[in-house]
Amino acid sequence: MDLGSCYLGGNADAVEFCPHRPFRHVLAAATYTLQEQERDRAGTISIFSVDAASEDASRRLQLLHTVETAGIFDMKWSPKSPLLAQADAHGRLALRRLEQEDGSDTDIVFNDVSAEDISSSMCLYVDWNQTAESLSVGLSDGSLSVVSVREDRLEISEQWTAHQFEVWTCYFDRTRPHLLYSGSDDCCFSCWDLRESPPNIVFQNKKSHKMGVCCIAQNALEGNMLLTGSYDEFLRVWDMRFMAKPVNEKLINLGGGVWRMKYHPNIADVVLAACMHNGFAIVKVGSGDARIMETYCKHESLAYGADWQKSEQVEQNGNSSVVATCSFYDRLLRVWQPENLAEL
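A short tour of the structure in this document, coming up. Source: prediction; values computed, not measured. (Residues numbered from 1 in each chain as written. Predicted model: local features only at pLDDT ≥ 70, side-chain atom pairs only at ≥ 80, totals over all residues. Heavy atoms only, no water.)

## Observations concerning the overall build of the chain
In step 1: Along the backbone of the chain there are one helix and 29 strands.
In step 2: Taken over C-alpha atoms, the radius of gyration comes to 19 Å for the chain, in line with the 20 Å a tight globule of 344 residues would show.
In step 3: Along the longest, intermediate and shortest principal axes, the C-alpha atoms of the chain span 55 × 45 × 40 Å.
In step 4: Evaluated residue by residue, the chain yields a buried proportion of 60% over its 344 residues.
In step 5: Sequence separation of 24 or more characterises 50% of the internal contacts of the chain that already satisfy a separation of 6 or more.
In step 6: If you sum the accessible surface of the chain, you get close to 14,300 Å²; carbon and sulfur atoms cover 44% of it. (Helix = DSSP H or I, 4+ residues; strand = E, 2+ residues; numbered from the N terminus. Rg over C-alpha atoms; globule rule 2.2 N^0.38 Å. Buried < 20%, exposed > 50% of the residue type's maximum accessible area, 1.4 Å probe, protein only. Contact = heavy atoms within 4.5 Å. Areas by Shrake-Rupley, 256 points an atom, 1.4 Å probe, with all protein chains shown as cover.)

Shown next, in the form of structure tokens:
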């Protein structure tokens, strides 16, 4: 069921629901727009209030606040607080805190906390470790950075050449915090041991992905299950019990480049995927074969951003799950509810 939609001021490429109370109704949507005449990459972060239960259709998706910034490739909420990290085209990493000034939605704003120049290259991806003490950043020159967060200040602790081409994704292992995974346009899926300086390579898989590796996700309840998504249109499932040589257990073709993947916050084996040229898919990835449960093809451009809302309603009833998606060239944000989770 469609709940609402909004055209953004630029090319839409990332959406993230805040996971923290009292802001779980808050959705951040980011844009990246190449301004050819100015030779610049501009962007915005807009925050919305999402209320799927409202009987008033106009209140289901409401714009609250917009921040002008550099073009944003990626953003992530801290696992500990309503602090949003943005990776942008100017090579900067910035932190913004969500705050409520008088207890009403109309006064929810972003306040700048900190920013750091990471590189002369573009910052393409950002991920938090589980203690919220470090961030990893993938860069367009093939480098990886690990950035320490100290009393809201950002300090680069490690930076090294990890790949030949753009690092589209980097991901802290949720159960082994000294491990960092990365994926690149060079088709490599790699793992790094952060206890060494510079970080030591644990493994590097060069053969499985036929095109660039775009995204990585880990099952919250089964830490040895890791997913990768690639431009080659396949979602791959990895068994990480043998770290030196992980086993690719199964794969499924989603019909478009797998740009983003998000596990459902409450259903352990359900994944939301942004499939670039083939809309969005909800995939069941369990002990059996992976299968597509549902597709959403109401966007008319590159499917880039996707996320689940984490809310009390969802915790009580998985059928009330709410999804936000966005597409690039048509600058469209949509909020909707899947139809087929009732069978789980």
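And the narrative resumes.
## Overview of the nonpolar core
In step 1: In this structure, L227, L235, L254, M261, V283 and V285 are the most contacted members of the largest nonpolar core, which totals 18 residues.
In step 2: Elements supplying a minimum of two residues to this core: β19 (213-218), β20 (225-230), β21 (234-239), β23 (260-263), β24 (270-274) and β25 (280-284).
In step 3: Every residue in contact with L254, bar those within four places of it in the chain, is listed here: E233, L235, A273, C275, N278, V283 and I292. (Core = buried A, V, L, I, M, F, W, Y, C linked by side-chain atoms within 4.5 Å.)

## Concerning the pairing of strand β3 (residues 26-31)
Two faces make up the sheet, and in a regular strand the side chains alternate between them.
In step 1: Across the six residues that make up β3, a large majority, six, are buried.
In step 2: Side chains of β3 alternate between two faces, with V26, A28 and A30 and L27, A29 and T31 buried alike.
In step 3: As paired strands, strand β2 (residues 12-17) and β3 are joined by five bridges and run antiparallel to one another. If you follow E16 over to β3, its bridge partner there is A28.
In step 4: Direction of pairing for β3 relative to strand β5 (residues 40-50): antiparallel, over a ladder of five bridges. Bridge pairing links A28 to I47 in β5. (Pairing = 2+ DSSP bridges.)

## As for the environment of T169
In step 1: Counting through the fold element by element, T169 comes out in strand β15 (residues 167-172).
In step 2: Accessibility expressed as a relative area gives 0% for T169, which makes it buried.

## As for the environment of D51
In step 1: With respect to the helices and strands, D51 occurs in the loop between β5 and β6 (61-70).
In step 2: Judged by relative accessible area, D51 falls into the partly exposed class, the value being 30%.
In step 3: It is 8.7 Å that separates the C-alpha atoms of D51 and Q62, two residues lying eleven residues apart in sequence.
In step 4: For D51, the contacting residues outside a window of four places in its chain are R59 and R60.

Taken by themselves, the reported measurements are silent on function.
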